[in-house]
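Each chain, written out:
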Amino acid sequence: MSSAPNIPPQFEIVDRPLDTQMTISMGPQHPSTHGVLRLELVLDGEMVIKTTPDIGYLHTGMEKLFEYKKYQQGIVITDRMDYLNPLGNNLAYCMAAEKLLGLEIPERAQTIRVLMCELQRIASHLVWLGTHALDIGAMTVFFYCFREREKILNLIEAASGGRLTPSYFRIGGLMMDLPAGFERRCKQFLEAFPAAVDEFHTLLSGNRIFQKRTQGIGRISAEDAIDWGLSGPCLRGSGVNLDIRRANPYCSYENYDFEVPTEPDGDVWARYMVRMREMKESHKISAQALSRLKPGPVKADAPKVVLPDREAMKSHMDALIHHFLIVAEGFDVPAGEVYQPIEASKGELGVYIRSDGGSKPSRVHFRGPSFVNLSALPVMAEGEMVADVVAIIGSLDIVLGEIDR
Amino acid sequence: MASEPENTEGTPIPSSEAAAPSPLVAALQREHPEWISDVIAAFGEITIVVPREQIVAACSFLKTWPESRFDFLADICGADRGVEEDPRFEVNYHLFSTTKHHRLRLKVVLSEEDTHVSSVTGVWRTANWHERETFDLFGVIFDGHPDLRRILLPEDWQGHALRKDFPLRGYEPYSLT
């Protein structure tokens, strides 16, 4: 008996009370995994030794389904992938098909695309912010975020008729022009939004608990982030200044004045700050797009691809024939393959379409940013506490609908 | 057309003999002609068809070569050209450079009898899940992959769902029990 006389030897203080590793399963029904994600965690006490994500619970074979649908029918499938950013998915898919068809999109349609995509990006970031804060224990932020998101969804609903599944973009342009009064409502929202972001900052950024839970947690270096293929705010949170809107501009993004926010630290806090600053930049782009709206056509001049106007169908025989052919048989797309990347709210969303020359694609593949970002989770979670894994997943902003497709 | 780089006679696809579509490809042609089976330039994108044996060497070279600096692997995706086609499968590597901001597609074609190709996980670690997905859905086997398991479909799934001969609704209702 070497210890003090009053303490029995089995109760001596040791650093690692359980000298064994434990494997636990987190999910698929865990509330903070944002869908049906299962993580197999190997733990030493409360420290994470190894993380193995197990995905596929939401797999519905969307990529297979595309091969059985005409090009224009594929648009509604894309809505259901990343359901927080459906307009971004619409855009990537339509732009890939337009690349194959060689279509020129009118300026007004391009501007509306930019406007709607940036509003959607804000909406997507608001869901991220609300759920991320909720995961860490800040309940109130969630309600404030969803209040603002509701206003954006109302705008999207006004334009397209859908809230979560708008399918607003079509191959060759838009479904239809913006409704009367949209610009006024959009302006109203944009005028009030910067104050809302400041409100989120007062709720969260100065909160000591939130800072302790996020700063220095889930670090990934810039080299690792590139090696693991991280994109979007996760990559910029590691200090890499890369934005597809700048690197490979599309939809005339090169004509907009905006900053690409980066943070050097690569932790949960850095990714938080990047998205918070990005909301302001998206707001800036939306305001510019709104001010640039000029009257004009919103559909490309391609009668064999783009559905004709209702009025034209009533007076022109060829418009009626084209309408019938597009709906009944679809349109043929030149053979070839394209890869179209865009900067979605979560990172690089790439669409690969391979055509054999028919009205249905031979292969459609989506490079989902959530899929790739999640694959780097084991690197970020290694050596952290179990509770931090929740914070790290929140900072990755994953959507399982896109990961499993 | 672009999907069948072997049959270039009579098609407008420029082959490697024709004028090089970009300075990058021309420089690569001088440096390592053995890596280039064919070059396809269409729709503003460049595709290099790489012999299967050379893919890892080509990828590691392109990652660090000052002319290309493809340090970012955007995507790997498989494709099935059709049941009668030979070679039937292809694997597409979409490369991107975070400094030069250019893109390139590498393509490896595989016959149905021998769907093996070396893994590029040693070059970019992000290839891990992309290769697992391609294995899961097409049955392409990536030699040297550290953890080649199914990723989207269950472990005991039979067949490869994105092959053209796999029916859309599967063979029989899948039961989780």
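Calculation notes
Residues numbered from 1 in each chain as written. Chains lettered and ligands numbered in written order. Predicted model: local features only at pLDDT ≥ 70, side-chain atom pairs only at ≥ 80, totals over all residues. pLDDT = per-residue confidence, 0-100. Contact = placed C-beta atoms within 7 Å. Pairing = 2+ DSSP bridges. Helix = DSSP H or I, 4+ residues; strand = E, 2+ residues; numbered from the N terminus. Axes fitted to C-alpha atoms, helices over the stretch in contact; angles between N-to-C directions. Core = buried A, V, L, I, M, F, W, Y, C linked by C-beta atoms within 7 Å. Buried ≥ 20, exposed ≤ 12 C-beta atoms within 10 Å, placed from the backbone. Nonpolar A, V, L, I, M, F, W, Y, C, P; charged D, E, K, R; others polar.

Caption draft 1: Quick look at the confidence of the model for chain B. All names here are of chain B. The share of residues in chain B with pLDDT of 70 or more is 86%, and the mean pLDDT across the chain is 83. Note that pLDDT drops below 50 for residues 1–20; the model gives that stretch 36 contacts with residues more than four away or on any other chain. Across the whole predicted complex the pTM is 0.88, and at the interface the ipTM reaches 0.86.

Caption draft 2: The arrangement of the sheet that holds strand S6 (residues 336–344) of chain A in detail. All names here are of chain A. What the three strands build is an open sheet, ordered S6-S7-S8; its pairing is antiparallel. Here the strands that pair on one side only, and so sit at the sheet edges, are S6 and strand S8 (363–367). Neighbour-to-neighbour, the strand axes of this sheet turn through a mean angle of 15°, independent of strand direction. Looking at chain direction, strand S7 (residues 347–355) and S8 are connected through five bridges and run antiparallel.

Caption draft 3: View of the nonpolar core. Counting 150 residues, the largest nonpolar core has Ala 96, Ala 97, Met 116 and Ile 392 of chain A together with Leu 95 of chain B as the members making the most contacts within it. Looking at this core, the element that brings in the most residues is helix H4 (residues 107–136) of chain A, giving 15 residues. The residues touching Ile 392 of chain A, leaving out its near neighbours within four places in the chain, are Ile 217, Gly 218, Val 268, Leu 377, Met 380, Ala 381 and Glu 384 of chain A.

Caption draft 4: Up close: the interface of chain A and chain B. Each partner contributes residues to the interface: chain A has 35 residues there, and chain B has 29 residues. Ranked by residues supplied to the side of chain A that touches chain B, first place goes to S6 of chain A with five residues. Residues that form the side of chain A that touches chain B fall into these classes: 15 nonpolar, nine polar and eleven charged.

Caption draft 5: Inspection of unusual backbone geometry at higher detail. Pro 87 of chain B follows Asp 86 of chain B through a cis peptide bond whose omega is -5°. As for its placement among the helices and strands, Pro 87 of chain B is situated in the loop between strand S3 (72–80) and strand S4 (89–96). Although it is not a glycine, Ser 167 of chain A sits at a positive phi angle of roughly 45°. As for its position among the elements, Ser 167 of chain A is in the loop between helix H5 (140–160) and strand S4 (169–170). Phi angles above zero are rare outside glycine, and Arg 69 of chain B is one such case at about 50°. Accessibility expressed as a C-beta count within 10 Å gives 18 for Arg 69 of chain B, which makes it partly exposed.

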